[in-house]
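# Per-entry structural report
Spelled out, the chains give:
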Amino acid sequence: MAFPSVYEMFTPLTTVRKQHFWEYFSGATLNSRWTTTNSGGAGTYTMADEVDGGLLITTPTSINTQQNMDFGDKRNFSPTGSVFIAVVKSSWTNVYNDFGFTNTQPNAQSAIFRWTSHNSDGKIHLLTCGSGITEDVATSVSGNATDWSNIKIECKSSSVEGSINGVLERTHSTQIPTNDTKLQPYVGIYNTVGSAKTCQIRYMECYNT
Amino acid sequence: MTKSIYDQLNASGTVAKQRTVDTFSGDQIDFTQWSTSGDFGFNLANYGSSEFYNGGGVILKWYNANPVAGREGVLAYDNKRQFSPTNFVWIMNCKWTGTRTSGVSRFGIKRYSDGTFNGGGVAGATLGSDNAKISAYTTNETGGQISVVASTIDVDNVYHNYKGARSGSAYTLLIDGVTSVTETNGYLPVNASQPFLYCYNNDTTHHSLNCNYLEVYNT
């Protein structure tokens, strides 16, 4: 079916569409819409010169460093009616690597998927956070350093749903972002070892429902 | 009705491959995304104004009233090559303006972000002095292996939709969704590629290339 417009692919003209953005992470450098932040050492945010490589974030080679990217606290997305979709890959071992929505950071008003080898279950976790209270629960999907994954986080009026590769993995109904907050997309990688760690992202889409 | 672009383009549960889309709208070209190379008198369109977007989408055109023969300009992705040389689709809406003696414009995907074409790993289209017909333009990454295969459509000065696609050994250029031409010499890229738009001056008269839509993806 051919659509007359991108708008009408998703929304009839009788409906005023809400905030919606998407990013392909392709081109010479990272688009200026993103704010990048380094803590403990300078990492790099470069377009991968690699087929299907997307954006490559690389940490410094020192321990306890953190690289984040978000919208510089321009928070357009609802905690009770929004969707985050991304295609990502993480080096997994000796990192805390987060992808999803936050208000400011993962441990306060957030809904993210976390890649880390530090959880003994070896699984990717869905982590949600309300007013300082965090729920962190494993999915059924094992984490590793080689697989690209499609992740989807849907913030609903009274729950947060997390899907990986089209399968609904977790539904959190408590300790979720509260309706007095606002959200922005977030990617963060924390290095827990003294060697460079990486993550990659080649697609992201966020919208309010 | 699905609400996400992702679900419109990918089957449920599919991990999408690399894609890029540019509608070339706005105040200026996005230089976080695009790199320039060559004698970039081409980067300023409309006779010395600072407009990149003029006449519809982005335009590559010599910057003042006095084009210099032998000069060229390229827009590309600064050698960030995320697209497969063997399984890709590129789609562009382009318009060439000029007479065939004035120069040549090519677009599609290629290995290098500079003006390298001979041995440059190109899978594109060409308008202008390469051929009187709109033609598929491909090269291997070995010098001298250049293939220009003509369609049945004369080079003109109006917008056409172009789609270049390769799956395995064959490269096909589809024009306006109807007329297709298949590369037959086997001179095709072998390494990863990036999108590009290119102009070259044969003489001191103006020619230009407009593009108001670009999409490239791996299949």
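In this report, we go over the structure that sits alongside the text. (Residues numbered from 1 in each chain as written. Chains lettered and ligands numbered in written order. Predicted model: local features only at pLDDT ≥ 70, side-chain atom pairs only at ≥ 80, totals over all residues.)

### Quick look at the interface of chain A and chain B
By a widely used convention, the size of an interface equals the accessible area lost when the partners come together. Contact with chain A, which involves 33 residues of that partner, is made by 31 residues of chain B. The set of elements that each furnish at least two residues to the side of chain A that touches chain B consists of helix 1 (6–10), strand 6 (82–90), strand 11 (149–155) and strand 15 (198–208) of chain A. The residue inventory of the side of chain A that touches chain B, partitioned by class, reads 16 nonpolar, twelve polar and five charged. (Contact = placed C-beta atoms within 7 Å. Helix = DSSP H or I, 4+ residues; strand = E, 2+ residues; numbered from the N terminus. Nonpolar A, V, L, I, M, F, W, Y, C, P; charged D, E, K, R; others polar.)

### Section: the nonpolar core
Residues Ala86, Phe101 and Ile201 of chain A together with Phe107, Leu209 and Cys211 of chain B are the most contacted members of the largest nonpolar core, which totals 95 residues. Look past the residues within four positions of Phe107 of chain B in its chain and what remains in contact with it is Met92, Cys94, Gly124, Ala125, Phe196, Leu197, Tyr198, Leu209 and Cys211 of chain B. (Core = buried A, V, L, I, M, F, W, Y, C linked by C-beta atoms within 7 Å. Buried ≥ 20, exposed ≤ 12 C-beta atoms within 10 Å, placed from the backbone.)

### Overview of the sheet that holds strand 2 (residues 35–38) of chain B
Residues and elements named next belong to chain B. The antiparallel open sheet is built from seven strands, whose spatial order is 2-4-13-6-7-8-9. Strands with a single pairing partner mark the edges of an open sheet, and in this sheet they are strand 2 and strand 9 (146–154). Ignoring which end each strand starts from, the neighbouring axes of this sheet average 20° apart. Two strands pair when backbone bridges link them, and strand 8 (residues 131–139) and strand 9 are joined in this way by six bridges, in the antiparallel orientation. Residue pairing across strands places Tyr137 opposite Val148, the latter belonging to strand 9. (Pairing = 2+ DSSP bridges. Axes fitted to C-alpha atoms, helices over the stretch in contact; angles between N-to-C directions.)

### Digging into the environment of Gly143 of chain B
All names here are of chain B. Counting through the fold element by element, Gly143 comes out in the loop between strand 8 and strand 9. When the C-alpha atoms of Gly143 and Thr20 are compared, they prove to be 29 Å apart, with 123 residues separating the residues in sequence. Setting aside its immediate chain neighbours within four residues, Gly143 contacts Asn118 and Gly119.

### Let's talk about the pairing of strand 12 (residues 160–164) of chain A
All names here are of chain A. Where burial is concerned, most of strand 12 is hidden: four out of the five residues are buried. Two elements, strand 11 and strand 12, share five bridges in a ladder whose sense is antiparallel. Following the sheet pairing, Lys152 is matched in strand 12 by Ser163. The turn joining strand 11 and strand 12, which pair antiparallel and follow one another in sequence, is formed by four residues. Bridge count for strand 12 against strand 13 (residues 167–172) is five bridges, and the pairing is antiparallel. Along strand 13, the bridge assignment pairs Gly162 with Arg170. Counting the residues between successive antiparallel strands, the hairpin from strand 12 to strand 13 contains two residues, one of them, Asn165, with a positive phi of roughly 50°.

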